[in-house]
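Each chain, written out:
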Amino acid sequence: MIMAASAIGCDCLAADGAIVHLRPAGEKDRAGLARLYRSASDASRRMRFGYLSNRQVDDEVTRLTRPAGADHAVHVACHRGQVIGVASWERTDRPGVAEFAVFVADDWQGRGIGTLLMEDLAEHARRAGIRELVGEVLPGNQRMLKVVTDLARPVAGSRDPDTVIVRMSTDPDTAAIAAVDERERAAERLSLRRLLAPASVAVVGAGRAPGGVGHEVLANIVRGGFTGRVYAVNPHADHIAGVPSFAGVGDIGEPVDLVVVAVPAATVEQVLADAAAAGAGGAVILSAGFAEAGPAGAALQRHLVRIARDHDMRIIGPNCLGVANTDPGVSLNATFAAGAAATPGGLAVAVQSGAVGIAVLEHAAHTGAGVSTFVSLGDKADVSSNDLLAYWYDDPDTQAVALYLESLGNPRKFARLARAVARRKPVLAVKAGRTPAGDRAVGSHTAAAAQPDTYVDALFAQAGVIRVDTLGELLDATRMLIDQPLPAGPRLAVVGNAGGLCALVADTAAAEGLNLPPLQVGNPVDLGACATPGQLNTMMSSVGESGQVDAVIAVVVATAANDVGALLAAAAAAADSVAKVPTAVVAVGAPDLPCAVGARRTPVYPLPEQAVRAMAHAVRYGSWRSRPLGTQPALAGIDTTAARDVVAAALDHGDGWQPPVTVEALLAAYGIATLPARTAGSETDALAAAAAIGYPVVVKSADPAVVHKTDLGAVCLDLRDEAAVAAAYQQVTAATGGGAVLVQPMHEGGVEVVVGVVLDPMFGPLLMAGLGGVYTDLLDDRAWQLTPVSDRDAAALWRRLRAAPLLTGYRGSAPADTAALEDLLMRVGRLAEDLPEVAEIDLNPVSVDSKGVLVVDAKLRLSHALQQQEADQRRLSQ
């Protein structure tokens, strides 16, 4: 989990790819801050201070290094141990408002340091209850004005001849997050360029004899025709595999872009330190014996990362297979995989397992799926799939991204990056470790304790990632997605010369959510075993151009009486002629069938299931991509200041499930209506409450720790007189061992749903919707959504429920106000985003009818210890 900068600091990328460290300032920074100000140019000091004497420098340093408090904060940016920038906020007399200031060293101005500091400062201030940062900037300080403007948060000000007053909200909006991501992608590309497209490579640990990992990597680099300079590092040889060898990286005589390390784990640290001192840009560490080997190895791995980041280096690995780049201008195969190098193509591949990487490369070569870049991540000490997604976002050689993932280090960041990439090009993923359906944790109030794999499914669906179960399915779908246009819809035509296989295609299509519309010629269209190439071509072209279908699958079965090559050529010609309709071919019965045919490389599959599933993935991806992105609308009636006050007051009394009065107050601060309730500590109080409310009423336990009231007999419904209320009070208190009860008006009608939130250590706040009441656990009909929640996310969330038809007018019932339900989902999601102390929310049941929504029962748990991941700061993994 990435911790907040205010706790331990974090590493970030400057605009030019340099690695800087952000952290809170302290007494130890006095000398660094004094050096920062005294070494600055007169122009820089004038822009910040107007005038700054040496005595004033001392006063400013003292102000910045005083102990942290609730009324101020100071963060510094460091590079290689030197302070290069500082930012601070000071609380003003106005509630929720603080004054900010930023100063960056001359040599680092224009490289994004001020932006990083302001992002970090705004996040810290938001958590301290600051809603707005205010600052005075001289009109001539265009760089500072650009920093604030580039944060894409609302900026207002009053210009006068002397100053510009700028006001910046600390709440990140959609535009702010998008702007941060855009800057991060550009920085990541610069940061990884020397790793993935190097001009020079040195292999450390290259043995003189074939067979060792180092020697084989070096041999693969040479055989692959790498276009740059290649060196071996081995103190016992002058040349290895035809390239010069040196005793150490520092002896090469020039900084090397990429160092490939293949030495025992115990010596990797020294090799990396030598490479860093020599100015290397990055390292691919093939050596094993680090995090996968236990705590000692994990500690050594963290030390390697610190060495690298202190020298602007990036690391792939350790314990990995290597990297490859098929761009003709690079032609790098820095892996120790056996067999031929990857064929050039449009697929970028990232895998955590070296063995899986070998399987992907082998299968890609067999099926003709060309690769643009291949990265084996290994233990992911530094570079992760998130970094690579940012790199591939603008890569012109990459048409699709394939991921094999065993873990997700920062899922919220992955969701944003993957969604941005998927709007441009397909992202496919095999996520290892699926959990069997129904095998989930229990004991949560919200029934929200799903296995993490459920969260992964939600994440992938939200981000537009195509999740597949096998490597074969991944590459099958990739071939369809790279070479064919996206389907406009789910309508499929099947044309072939074998009725049985055509029927199997139709059956599989129905199971995958595709439909075969009735055509005048039939569908499937069985041309018979004696169909000629001309007949196949004519029929495929006709149905493809009819406007009645969105995709075509051709079935070609070889027999002794036909020419399968001619049939495939006819199918290819038809596919090429229908530009907007994707086509796949199922071909069986002949040896050495091609993997693709025609100018458009229409994919050929050996089995109907492969073709249909690949087409179905393309249909679903096309549907996702055609939908506009949602927005986070302004929600009326939200008072974050009041909500934070409620949380602070509640936590003064300790963590845990909160009493009804706290829950109601917190929900009210977010404009969420709850069914009125009165707390009764005795039978007399319960009778008085019922009389005041008016019959019929409900009596239930007020103990927030009670999970399932109905199961315990701790809720009694439809009580219509004093005798019923008195009996209910006795029943509920007996079931729970005493304590207060709640008395509420009886509410009937509407569809009962549950809305919940759980704060996962990796995924952050997750929003859940499901069928409510007693059916929540019985039917397990739930859907999940990562926060933040857009209007499109909220609309899609409830529609994923099996019970969704109940809300739209099932069997003649009145449709429910689903817009009100979506508003509730967005408000609950916003509450969870704004208040990291909220560990769990359970609104169950929520009554939804044609008049709106009403929360009938609500529970909420708070915790001091929980801290969500920041969504709007570009931090390298730690």
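All figures in this text were calculated on a predicted structure; none of them were measured in a lab.

> Tell me what's going on with the sheet that holds strand E28 (residues 602-605), and back it up with residues and numbers.
Spatial ordering of the open sheet is given by E24-E23-E25-E26-E28-E27, a layout of six strands whose pairing is mixed. Both outer strands of the open sheet, strand E24 (525-526) and strand E27 (596-597), are each paired with one neighbouring strand and no more. Where E27 lies against E28, two bridges are found, and the strand directions are antiparallel. Its bridge partner lying in E28, alanine 596 is registered against proline 603.

> I'd like to hear about the pairing of strand E13 (residues 258-261), residue by residue, with values.
Residue alternation in E13 divides its side chains into two sets, Leu258 and Val260 and Val259 and Val261, and both sets are buried. In the sheet, strand E9 (residues 200-204) pairs with E13 via four bridges, with the strands oriented parallel. Its bridge partner being in E13, valine 204 is matched across the sheet by valine 261. Pairing analysis gives four bridges linking E13 to strand E14 (residues 282-285), with the strands arranged parallel. Residue pairing in the sheet places leucine 258 in a bridge with glycine 282 of E14. Of the crossover connections in this fold, the one passing from E13 over helix H9 (residues 265-277) to the parallel E14 is right-handed.

> Help me get a handle on empty space enclosed by the protein, residues and values and all.
Overall, the coordinates contain seven cavities of 30 Å³ or more when judged by the stated rule. Of the volumes computed, that of the largest cavity is approximately 200 Å³. Pro660, Leu742, Asp857, Ala858 and Lys859 are the residues nearest the centre of the largest cavity, which is lined by 21 residues in total. Among the elements of the structure, helix H21 (660-669), strand E31 (697-701), strand E33 (741-745) and strand E39 (858-862) are those that each provide at least two residues to the lining of the largest cavity. Ranked by residues supplied to the lining of the largest cavity, first place goes to H21 with three residues. Split into classes, the residues belonging to the lining of the largest cavity amount to eleven nonpolar, four polar and six charged.

> Please give an account of the packing of aromatic side chains that cites residues and values.
Evaluated as defined, the whole model comprises six aromatic pairs. On the numbers, 5.9 Å between centres and 65° between planes, the contact of tyrosine 231 with phenylalanine 246 is edge-to-face. Of this pair, tyrosine 231 sits in strand E10 (residues 229-233) while phenylalanine 246 is found in strand E12 (residues 243-246), placing the two residues 15 residues apart along the sequence. Ring geometry for tyrosine 455 versus tryptophan 784: centroids 5.1 Å apart, planes at 65°, classification edge-to-face. Of this pair, tyrosine 455 sits in helix H14 (residues 452-463) while tryptophan 784 sits in strand E36 (residues 782-786); the two residues are 329 residues apart in sequence, bridging distant segments of the chain. Note on accessibility: tyrosine 455 and tryptophan 784 belong to one class, buried.

> Tell me about the environment of proline 815, and name the residues and values.
Examined against the element boundaries, proline 815 turns out to sit in the loop between helix H26 (791-799) and helix H27 (818-834). Setting aside anything within four residues of it in sequence, one finds proline 815 in contact with Leu807, Thr808, Gly809 and Ser850.

> Quick one: what's the story with the pairing of strand E4 (residues 82-91), residue by residue and with numbers?
Within E4, seven of the ten residues are buried, which leaves the element mostly enclosed by the surrounding structure. Strand direction decides the pairing type here: strand E3 (residues 72-79) and E4, joined by eight bridges, are antiparallel. By the bridge assignment, valine 76 is partnered in E4 with valine 86. Hairpin remark: E3 followed by E4, antiparallel, with two residues in the connecting loop; positive phi at arginine 80, about 50°. Connecting E4 to the antiparallel partner strand E5 (residues 97-104) that follows it, the hairpin turn spans five residues, and glycine 96 within it adopts a positive phi of roughly 75°.

> Before we move on, can you summarise helix H11 (residues 354-367) with the specific residues and values?
With 14 residues, H11 should reach 20 Å at 1.5 Å per residue; the first-to-last C-alpha distance of 20 Å fits that figure. Here H11 has its buried residues at Val356, Gly357, Val360, Leu361, Ala364 and Thr367. Down the axis of H11, the buried side of the element spans an arc of 140°, and every buried residue falls inside it. Along H11, exposed side chains directed more than 90 degrees from the buried face belong to Ala355, Glu362 and His366. Backbone nitrogen of alanine 355 and a side-chain oxygen of the N-cap are separated by 3.3 Å at the start of H11; the cap is serine 353. At the C-terminal side of H11, glycine 368 shows a positive phi close to 80°.

> How would you summarise the side chain of serine 701 if you had to cite specific residues and measurements?
Mapped onto the secondary structure, serine 701 falls in strand E31. In this structure the side chain of serine 701 is engaged in a polar contact, spanning 3.1 Å, whose partner is the backbone nitrogen of aspartate 703. Ignoring sequence-local partners within four residues, the contact set of serine 701 consists of Val706, Lys709, Ala714, Val732, Thr736, Ala740, Val741 and Leu742.

> Tell me about the side chain of histidine 215, and name the residues and values.
Relative to the assigned elements, histidine 215 resides in helix H8 (residues 213-223). In this structure the side chain of histidine 215 is engaged in a polar contact, spanning 2.7 Å, whose partner is the backbone oxygen of glycine 207. Not counting chain neighbours up to four residues away, the residues in contact with histidine 215 comprise Gly205, Ala206, Gly207, Arg208, Ala209, Pro210 and Ile240.

> Could you give me a rundown of helix H4 (residues 54-64), with the residues and numbers involved?
All buried positions along H4 are accounted for by Val57, Glu60, Val61 and Leu64. Burial along H4 is one-sided: seen end-on, the buried residues are contained in an arc of 100°. Summarising the contacts, the buried residues of H4 are in contact with helix H2 (30-38), helix H3 (42-49), E3 and E4.

> How would you explain the sheet that holds strand E20 (residues 400-405) if you had to name every residue and give the values?
Spatially, the seven strands line up as an open sheet ordered E17-E16-E19-E18-E20-E21-E22, and their pairing is mixed. Each having just a single partner strand, strand E17 (332-335) and strand E22 (466-468) make up the two edges of the open sheet. Strand after strand, the sheet turns through a mean of 20° between neighbouring axes, direction not considered. Examined bridge by bridge, strand E18 (residues 344-351) and E20 share five bridges and lie parallel to one another. Of the residues in E20, the one forming a bridge with valine 351 is tyrosine 404. Across the sheet, helix H12 (residues 385-392) lies against E18, strand E19 (371-376), E20 and strand E21 (427-431), angled at about 175° from E20, the strand it touches most.

Cut-offs used in this document
Residues numbered from 1 in each chain as written. Predicted model: local features only at pLDDT ≥ 70, side-chain atom pairs only at ≥ 80, totals over all residues. Heavy atoms only, no water. Pairing = 2+ DSSP bridges. Helix = DSSP H or I, 4+ residues; strand = E, 2+ residues; numbered from the N terminus. Buried < 20%, exposed > 50% of the residue type's maximum accessible area, 1.4 Å probe, protein only. Right-handed = clockwise from strand over helix to strand, strands pointing away. 1 Å grid on protein atoms, 1.4 Å probe; cavity = no way out; pocket = protein on both sides within 12 Å on 5 of 7 lines; lining within 4 Å. Points joined across faces, edges and corners; volume = space filled by probe spheres on them. Nonpolar A, V, L, I, M, F, W, Y, C, P; charged D, E, K, R; others polar. Phe/Tyr/Trp six-rings, centres within 6.5 Å; stacked < 30°, edge-to-face > 60°. Contact = heavy atoms within 4.5 Å. Expected span 1.5 Å × (residues − 1). Arc of directions from axis to C-beta. Polar contact = N/O pair within 3.5 Å; in protein donor to acceptor, adjacent residues only side chain to side chain. Axes fitted to C-alpha atoms, helices over the stretch in contact; angles between N-to-C directions.

In short, geometric facts, not functional conclusions.
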